[in-house]
Every structure is written in structure tokens, then in C-alpha cells.
Amino acid sequence: MHLILTATLWLTASLHAQSITASLEGAITDPAGAAIPNAAVHITNTGTGVTTTLSTDNQGHYVAASLTPGPYRALVEATGFKRAGRQGIDLQVNQAARLDIRLEIGTSSETIEVTGQSPLLDASTSTVGQVIDNRSIVNLPLNSRNSWSLVFLAPGVTGNVGDKYNNVNISINGGRPGTAALMVDGIPSATALTNPIQGFTAYPSVDSVQEFKVETNNYSAEFGRSGSGVVNLIYKSGTNQLHASFFEFLRNSKLDANSFFSNQAGAPLASFKRNQFGTTITGPVLIPKLYNGHNKTFFLFGYEAQRQTSASNLNTTVPTLLQRAGDFSQTRNAAGALISIYDPATTTQNGAAFTRQAFPGNTIPANRFDTVAANAAKYYPQPNLPGSPFTFTNNFFIAGAAADNITNYDAKLDENINDQHRFFLRASRRIDDATPANYVPGDIGIAQGGVNILDTFINAAFDYTYTHSPTLLFDIRFGYGRSTEGRIPRSLNFDPVSLGFPSYMRQAAGLMFPGIQPAGYFSLGNGGGSQWGPAGYNTQSLGSNNTKVLSRHLIKFGGEWRVMQANVSQGADITGTFTFARTFTQGPNPNAATATAGDAFASFLLGTGSGQLQLPRSVAAESMYYAGYVADDWKVSRRLTLNLGFRYGIDLPLTERYNRMNQFDPNAASPLAGPAGLPNLKGGLVFNGVGSLGRRAEAADKNGWDPRFGFAYELFKRTVLRGAFGIFHAPSLYSASGTQGSAGFSSTTQFVSAANGVTPTNYLRTPFPGGLQPITANSQGLATAVGTSVSAALLGDISVPYTENWSFNMQQQLPGSVKLEAGYVGSHGLHLSYNNINLNQLRPEQLSTQLQQQVKNPFFGIITTGTLSTATVPASLLAVRFPQFTSVGLAFPSGAKSIYHSFQFKTEKRFSAGLTLLASYTFQKLIDDNSITAVVGANATIQNQYDMRSERSVSANDISQTLSLSYVYDLPFGHGRLLGSSWNRP
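None of these values were measured; they are calculated from a predicted model.

### Let's talk about the overall build of the protein chain
So, step 1. What the protein chain contains, in helices and strands, is 7 helices and 53 strands.
So, step 2. Within the protein chain, counting contacts between residues at least 6 apart in sequence, those at least 24 apart form 72% of the total.
So, step 3. Within the structure as shown, the protein chain displays about 39900 Å² of accessible surface, and the carbon and sulfur contribution to it stands at 57%.

Below you can see the structure in the form of C-alpha cells.
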């Protein structure tokens, strides 16, 4: 096709990468249907005034390859014919629209103007997806105004989306959660987090979003590293008109009604207050008397803030004044019977039986109090309620409020330098500061526990476009995304030695009040969970997306480079977590639990319990991805379009800056084989950067071939058939994240009061008499962590997961601007990951009562800690594949498969005055091997799901139906209203 641009290929005021633009093509004919060559076609963006002018080829065909989504007008001129104009053409992101125009014979001074709508049918692309436009984003109800939540309007999309760090769980057409490509302005924006999932780095205000598209099947080869689908969110750009929106949304529990059950129980309505306010301003850059940016320079500025407080009441049990003094003479059970407190120091053994003596007067003498326990007990608040009869439980109540303050900024600049050069630059930042409720007042509040969480998100994008010739366009883009989480314990910098602990407790990475957790009582301190430390995740991408118009081929080609980084120094139990049960003060038989003996707080006062202290690891990981692609939208004929593409990518496994990584080698000869007399003993941890093992976690999987094929065929004038097949590689399981093997690079020291479980020899005041276990790094080689539980990736497991996707559907346009779409979508996942698998799991044929028998331990004297350090051990510990470890967990090993089938139905009805009715129905079935928790098994979870518009994840054999219809109506003066209905059937 000979394509001529009578003006420069002026793409728009903010020409983006091809992945976020649209195309418009069609045929210009005379009244008899004959082609009109060399007709001038002017396509004007009515928002920016930017015009693309081109001429038709010998077959009367024209194509405008890259147009920014937005409103357009088309004007066609040809000698001997009246000019024809078409208004109201609304192009959407990644849309390949067709507009045929028939000219009438006459003079060019006459113009026939027709106001229409964008084509309903997708006659030029086989991609399956759903565009969510700005009107829907602004008007549909959104909890917390999170634009990303609307991805679930697309058929086949399930999961959930939150507005917090590590709160993204999207699955598209049966794909694994965390494998969808999350794009902002056509640029990868998601970061890999601690788990094999992703997180957003931009949360634009709904007023700042132009639209976004969810592509669920057969997306173009320019998209990659996605095994589930593509979500492409586009920011607004300014136009020649200045627009500003100001908003404030207030939610206050003063306006809410209490629930029926709360009223019945006499409980007042909990307080809740949320203020969301902000502004979005767009327009041309104007500096009076200095610069006029009309048709040239445009800006967007967005600001949104949320200020929220939520009531969070605490009703718990604290020790009474008598109990703090060691007096349990009034401590009874729910039936009113006295609970006797037995002295663990009096434990005696008679054969296989043990007995204890009760404390006289059911009172623990003060000289028996553990030093640490006596000091820590002073941090308990006093009871302020009588509590339940006899038991005094729930004797403390206090009302608190948790705060959550979010601030979000967006800024964007679009610049048309000249006819050939243009760029846009955007930056976004979000700060989320969440503070837990304060329940313990005064100086003792430091022992309350709780963590302040400060999350920050940064997203930036730069896109530069160069029009080399009327038929050749180059585009270069750079993107950066960062998400961080800071966990700041309420008791940070508290010195545990002040409670009476030994000085080695100061070796922890971050000092804080240790976790004190007597069962049934309020817990003190920061114990358990990830209580401390920062985590930061980065993604950077550099790519080129280029377009060449060649006859009836619209060819796109380019490549990209990405680097992913994870820097994590978070930890749990870093100043110790100590738990106390009633077992150490129950009796007379300490192995027999009764309702009238033993109390956890009494055990705490004596310093008898269990726990651990961890010296946490740090991770500084990095991985890279390289890819190249070529895609061809081939207009074979007026009716048939082929979408062809090929992509090749290499997902390089991660490296760790200081080689703090290891894998599990099941075939390595164990160094314990000779000393233990087990010549066939194998298995152990091997370390990156040591010996022949390279710095990368694994060798690269070079099978990243992704072919794409699709077709769109206009069977009849208002009927289009579409089909596609493609292969799509997902992110590698060895991408940079916070889940690298930590054995050797962290340590956990156990607090055990009684080795036999009943006779205490170790107390809270000296929880770790041998000191803390050192961090050995790789110095012990294959003997690292023997006698303990290990978890690591399997050596040699290099496969990158991928899916084979296919689809076939039909679109039918009915009278009255109604489109019906029905089709089948399927996928087959390969090399997917399993959840952690324990290689030391016993096989069914091994199960017998003999496994409980005590046998001679071949590791006695070799392994000096844990359950494998005693002279005899249960036979079950030696019957496993790797008996030198208590368990061997494989972290996300590959090999799982999935199969997905769905039938998807969608209808769209356009009314006049902007009213649109959308409805969809999806029936889908997913079988995924990942539900198998054993090493070998045949069972799989089957998900049957009937969803209408709003979808949700379901458990095995769970069936749900939901219908939601949305009606959005724009009034002539620019306001809008929403009508909606919903139906749910459990």
C-alpha cells in the first residue's frame, strides 16, 4: 500500500508507546462501492486539536497506526465528491477500530457531517479483553476509590485487589495469581514481593485515569512475561481546555445504623471515620505573556488524600492483683472449682510415671518468681472489669482507634517538540502510614506490642517518540517502580536486659520488648510474625516499541530489558518470643491435663515455658529479563485480518549481592555418611558462589519462545468470528524476591525449659544458656543445618512456567446498537510451581505403629542440637529419605500443570445521550495440580464457577452466581449518575 501523509504523522499531543495507543483503518468508496484512491483522510483528536492526515491506497484503504485513546473526528476529501465527516469516534486503548466511509458525488465545497459512535465489533483483532473507560471509573462505586478494583468487570478475572502493600491477587482466565502483567502507561510497573506475587507501585486517583484495558487472551507479542493476562492502565493527558475536579467523600459512623445483632447484645456501633479529598487538574501549559502551550504542551496534576480512623476495641484477660503476687487461691474454672497450681520443681519419676506436688495455699512464693517474669509482669495493665464469674476472664476493656493516612500525588507533562519529536514524562508517589490502636496507657504502653507500618510507592515513566517517515515510527520508553514497607515496632529500642535477661540478648538486629505470651492472657511485646525491619522492591524497564506500515501489514517490532531488585531485612522473634502453657503447673500427673490444675500465668511467673530467638537474614537480590518481538497485523482482505506475532525472552535467575543463597542438592554425598555409618546417605545444602556453583540461583531457561496467532473474519456485515492460539511465559520462579534460601544466613535459638517436657532445667532468666546460635553462612557446607528443618529451592529446577492459551468467539451486532459476544477460552499451564513440598514425608506403605518405637540414633554425638541429638529416637525420624534433617521443604518447585476451560458471554447496549448497558456471564472450570500437598498424588482441586460481572475465587466444588448491571448516564451539563442492581445466589 502506498501511504502518503500530506502533513506529518502527527500522532497526538501525548503519543505513547504502541501498547497504549489505538489504530483506525477502513475503506473509502463511491456510491457504487468502488474504491477511491488518493482520497485525503484527516483524523483529528477533538481534545487536543492534533490532526493526522493521510491518503488512501489504490484499493481505497487507509490506516492510522498509532492514535492516543480519546475522541476523534474523521474528515474525507476526494476530487468530484462531497466531503464526508464523522463525529463522535471514541478510540480506546489497544483498540483496532474500523471506519468505512462512502462518499457522495458532488463538489468539495459541500460537507456531509454524521455523528456516530465507535464501532461495536472488533473486526481487526483476535484479542479478548475489556476496556474500562473513564466514565465507568469515575461513576462506578469504588470502596477506597481504588481504580484497580474495576479489573473484575472483565470476564474471566478473579481474585481480589486491595490498596495496601502486598495486597494484589489477580487471576485471569485460570492463570496463577501474581503472573498477570500490570502496566501503567504501557510500561511494566509491578514489583515482585516476598512471595511469588506482585504489588502495585502506582495507585492513581480515579479522576486521573483515562481508561484501562484488561487483555485476557492472545494479547500482542509486544506484551510478555505474563502467564495470565495484561492490565494496562492509562493516565489522562491534558487537552486544550482547562479542566479541574475537586472532591471530598466523607464516611462517618454517626450516619450509620447499628447491626441487628449488635443492638441485641447491647453493643454500640463502632466508630469509623474516613475522609477522602483531592483534586485533578488538566490542561495546556500557559504562562501569561511568556508561553502558550495550546496544541503543544499539556499537563496533569492529581492529589488525593485519605484520613481514616477506625474504632478497635480490646476486651481481654489480664492477671489479677492476687495472681501477680503469686496467689491463685481465688483462681477457678468456669464451674467454680479451684484450679490447683503444682510446683514443677517437685516433679519426680517412678518408672514411666511422673508426679508433682501442689504449692501450699495454692500460692507461689515470691522467692520462686523468675527475675524476668517478675519484671515483665509489671507491664500488665490493671483489670478494669470484674470479668467472668470465677474465672475473671475478659476483665480488661479499653477502646482505641487505629489510624490510616494515605497521600497520593500524580504529575504528568506531555510535550510535542515538533512534527517529528514528542515525549511525555510522569511521576507518581504514594505514602501510606498506618498506626495501630493504643490500648495500654502510660509508661507501660511500650510493652503493648503492635507495629507502625509505613509503606511508600514510587512510579515514574518516560516515553519518547520519533517519526522517522510517514510509515516508520520509533518509540523508546523507560519505567521505574518502587514499593517499600517499613515495620516499626512500638517498643523499638527497648533494652530487654532491663528485664533481667542476659546481655547476649542485645545481639538482636533490632531491640524491642520481647514477646511474652501466656496462654489465655493478654500478650506483651513484639513477638511472632514479621515485627521489624525494612523491605524495598524495585523494577526498572527500558524498551523500544516501533511501528512500520508496509502495504497491508501493520508491523510492530522492538524489545525490552528489565531489572528487578529486592532488598529485605525483616525478621520475626528477633528479641525472643516466649510462650507459656498450663502444662508446667498442672498435676499431680504432669502429663495429664485436667480442668482443675495448671495456669499459664503461673507457669510464666516461674519462668517455665518455650520459645525462640531469631537472628534474621538480609537479602539483596537482583534478576534481569531480556526480550525481543515482532508482530504483524496483516489485512489479508477487507474481511480477514491475521494477527501474527513472535516473542523470545530470557528470564535470568537472580543473584544475591553477597552470595547469601543456597539450594538443596538431593544427590550430594552427605558428610555425615561415614561418621553415622550410613554409606548411602545423601542430600544437603549447596551454596552459590562456592566451588563449581555459580552466583546465579540456577542456569537460565532458554526456552522462552512465544509464538502468537490469531484471526478476525467478518463473516457477514454484522458478524465477526475470532480465534487465537499463543504461548505465554510467566515470570520465573527465580526472579528477585524476598524468598531466597536462608539456612546458614540466619539462626534460630530455641528456649526449652524441659528436655523431657516435664522437669524444668532451664528458665526464662537464662533462656539460652549456651548463647545464641551463630550465623555460619556457608562455612559448614553440606553439613549446614543438619538436625533441623530446612527449606530451599531444588538444585537444577530451572524451568520457567508458561501457559498455552486459545480462544474462539463470535461477535454479532444487532439492531439498536447492541453487541452480543459469545466464546470459549482455554489455557494449559506447564512447569507451574507447587506449594512447598516436604521431601521427608513418609510414604503410605511406611505407616505403622512401629514408627513410634525408640531405636538407636546413628547421629548421636554427631548432631548436637534438636530431636536428633539424643541416644535414641523414634523410628519415624530415620525412615525418611533424608534422616539428617527433620524436614526438607522445597520452595515452590516446578512441575505442576493446570487446565482451564471457560465459556464467556457478554452483551453491550449503547443508548443515546451516553447511556450504556453492559452485562457478562462466565462459566469456568479450573483444574490445578497445585492443590496436591503430598509429593505424589492424583487429587486436584476443581473450581466450578458461574459468575456474572463480579467474580470471586471459590474453593473446591463451590458454585456461586452473581449478577451486577451498571448503568452510567452523563447529563448534558457534564454531571453523571449511577443506577445499579445486584443479585447473588449462594
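### Digging into a nonpolar patch on the surface
So, step 1. Residues Leu413, Leu425, Phe462, Ile476, Phe478 and Leu542 make up a contiguous nonpolar surface patch of about 480 Å² in total accessible area.
So, step 2. Position of Phe462 relative to the elements: it lies in strand β28 (residues 451-469).

### Description of the sheet that holds strand β18 (residues 230-235)
So, step 1. Within the open sheet, the 5 strands sit side by side as β10-β17-β18-β13-β14. Their pairing is mixed. The open sheet is flanked by β10 (128-133) and β14 (187-188), the only strands paired with a single partner.
So, step 2. Of the pairings in the sheet, the one linking strand β13 (residues 181-184) to β14 comprises 2 bridges and is antiparallel in character. Counterpart to Met183 in the pairing with β14 is Pro188.

### Overview of the packing of aromatic side chains
So, step 1. Counted according to the given criterion, the structure contains 27 aromatic pairs.
So, step 2. Plain terms: the ring middles of Phe277 and Tyr303 are 6.5 Å apart, the flat faces sit at 55° to each other, and that makes the pair tilted. Separated by 26 residues along the polypeptide, Phe277 in strand β20 (residues 272-284) and Tyr303 in strand β23 (residues 297-316) bring together distant segments of the chain.
So, step 3. On the basis of relative accessible area, Phe277 is assigned to the partly exposed category, the value being 25%.
So, step 4. Relative to Phe903, the ring of Tyr824 has its centre 5.5 Å away and its plane inclined at 45°; by these criteria the two rings are tilted. In this pair, Tyr824 sits in strand β44 (residues 818-833) while Phe903 sits in strand β49 (residues 894-910), placing the two residues 79 residues apart along the sequence.
So, step 5. Its relative accessible area of 41% is what places Phe903 among the partly exposed residues.
So, step 6. Among the aromatic residues, those joined into a ring-pair cluster are Tyr380, Tyr521, Phe580, Phe601 and Phe604.

### Observations regarding the pattern of salt bridges
So, step 1. Counted by the stated rule, this structure contains 23 salt bridges.
So, step 2. Notably, a salt bridge pairs Arg83 with Glu77, separated by 3.5 Å at the nearest N-O pair.
So, step 3. Look at Arg83 and you get partly exposed, because its relative accessible area is 26%.
So, step 4. Owing to a relative accessible area of 27%, Glu77 belongs among the partly exposed residues under this scheme.
So, step 5. Arg225 serves as the salt-bridge partner of Asp651, at 3.0 Å between the closest nitrogen and oxygen.

### Details of the environment of Tyr626
So, step 1. One can find Tyr626 in strand β35 (residues 619-635).
So, step 2. Along the chain, Tyr626 and Gly649 lie 23 residues apart, while their C-alpha atoms are 5.5 Å from each other.
So, step 3. With near-sequence residues (within four places) excluded, Tyr626 lies in contact with Glu560, Trp561, Tyr648, Gly649, Ile650 and Leu652.

### As for unusual backbone geometry
So, step 1. Here the residue pair Gly587 and Pro588 is connected by a cis peptide bond, since its omega of -5° sits within 30 degrees of zero.
So, step 2. Within the secondary structure, Pro588 is located in the loop between β33 (577-580) and α5 (600-606).
So, step 3. Located in the positive-phi region is Phe392, a residue other than glycine, with phi close to 60°.
So, step 4. Even without a glycine there, the phi angle at Asn394 is positive, about 55°.
So, step 5. Its place among the elements puts Asn394 in the loop between α4 (371-377) and β26 (396-416).

### Remarks on the confidence of the model for the protein chain
So, step 1. Mean pLDDT over the protein chain: 82, with 89% of residues reaching 70 or higher.
So, step 2. The model gives residues 1-18 a pLDDT under 50, and that stretch makes 90 contacts with residues more than four places away or in other chains.
So, step 3. Considering only residues more than four positions removed or in separate chains, one finds that residues 932-986, a stretch of pLDDT under 50, has 137 contacts.

### Some words on the sheet that holds strand β30 (residues 515-518)
So, step 1. Pairing within the open sheet is mixed, and its 4 strands lie in the order β30-β33-β34-β41. Either end of the sheet is taken by a strand with one partner, and the two such strands are β30 and β41 (747-752). The mean inter-strand angle of the sheet, taken between neighbouring strand axes irrespective of direction, is 15°.
So, step 2. As judged from the 6 bridges shared by strand β34 (residues 610-615) and β41, these two strands associate in the antiparallel manner. Residue pairing for β41: Gln614 is matched across the bridge by Thr748.

### Let's talk about the pairing of strand β2 (residues 40-45)
So, step 1. In terms of burial, β2 is largely enclosed, as 6 of its 6 residues are buried.
So, step 2. Alternating positions in β2 separate into two faces, Ala40, His42 and Thr44 on one and Val41, Ile43 and Asn45 on the other, with burial throughout.
So, step 3. Pairing analysis gives 5 bridges linking β2 to strand β3 (residues 51-55), with the strands arranged antiparallel. Looking at β3, one finds that His42 is bridged to Thr53.
So, step 4. In this structure, the hairpin formed by β2 and β3 is closed by a connection of 5 residues, where Gly49 is found at a positive phi of approximately 80°.
So, step 5. The pairing of β2 with strand β5 (residues 70-77) spans 6 bridges and is classified as antiparallel. Considered in β5, the bridge of Asn45 is made with Tyr72.

### Observations regarding the pairing of strand β38 (residues 682-687)
So, step 1. Counting buried positions along β38 gives 5 out of 6 residues, so the element sits mostly inside the fold.
So, step 2. Taken together, the 5 bridges between strand β37 (residues 662-669) and β38 define a ladder with antiparallel strand orientation. When the sheet's bridge partners are listed, Asn662 is paired in β38 with Phe687.

### Observations regarding the nonpolar core
So, step 1. By size, the foremost hydrophobic cluster in this structure holds 47 residues, and its most contacted members are Val151, Ile170 and Phe212.
So, step 2. Listing elements by their share of this core, those giving two or more residues are β11 (157-161), β12 (168-172), β13, β17 (209-217), β18, β31 (533-550), β32 (553-568) and β35.
So, step 3. A per-element tally of this core places β35 first, with 4 residues.
So, step 4. Here Phe212 is in contact with Val93, Gln130, Val131, Ile132, Ile137, Ser147, Leu150, Val151, Val231, Asn232, Leu233 and Ile234, once residues within four sequence places are set aside.
So, step 5. One finds Phe359, Phe501, Tyr504 and Phe522 within the second-largest nonpolar core, a separate group that totals 41 residues.

### Some thoughts on the side chain of Glu222
So, step 1. Examined against the element boundaries, Glu222 turns out to sit in the loop between β17 and β18.
So, step 2. In this structure the side chain of Glu222 is engaged in a polar contact, spanning 3.5 Å, whose partner is the side chain of Lys556.

### Structural notes on the side chain of Thr641
So, step 1. Position of Thr641 relative to the elements: it lies in strand β36 (residues 640-656).
So, step 2. Separated by 3.2 Å, the side chains of Thr641 and Lys635 make a polar contact.
So, step 3. Thr641 has contacts with Ala123, Ser124, Trp634, Lys635, Gly710, Phe711 and Ala712, leaving out every residue within four places of it along the chain.

Rules used in this analysis
Residues numbered from 1 in each chain as written. Predicted model: local features only at pLDDT ≥ 70, side-chain atom pairs only at ≥ 80, totals over all residues. Heavy atoms only, no water. Helix = DSSP H or I, 4+ residues; strand = E, 2+ residues; numbered from the N terminus. Contact = heavy atoms within 4.5 Å. Areas by Shrake-Rupley, 256 points an atom, 1.4 Å probe, with all protein chains shown as cover. Patch = residues over 30% accessible without salt bridge, like charges linked within 9 Å, V, L, I, M, F, W, Y side chains within 5 Å. Salt bridge = Lys/Arg side-chain N within 4 Å of Asp/Glu carboxyl O. Pairing = 2+ DSSP bridges. Phe/Tyr/Trp six-rings, centres within 6.5 Å; stacked < 30°, edge-to-face > 60°. Buried < 20%, exposed > 50% of the residue type's maximum accessible area, 1.4 Å probe, protein only. pLDDT = per-residue confidence, 0-100. Axes fitted to C-alpha atoms, helices over the stretch in contact; angles between N-to-C directions. Core = buried A, V, L, I, M, F, W, Y, C linked by side-chain atoms within 4.5 Å. Polar contact = N/O pair within 3.5 Å; in protein donor to acceptor, adjacent residues only side chain to side chain.

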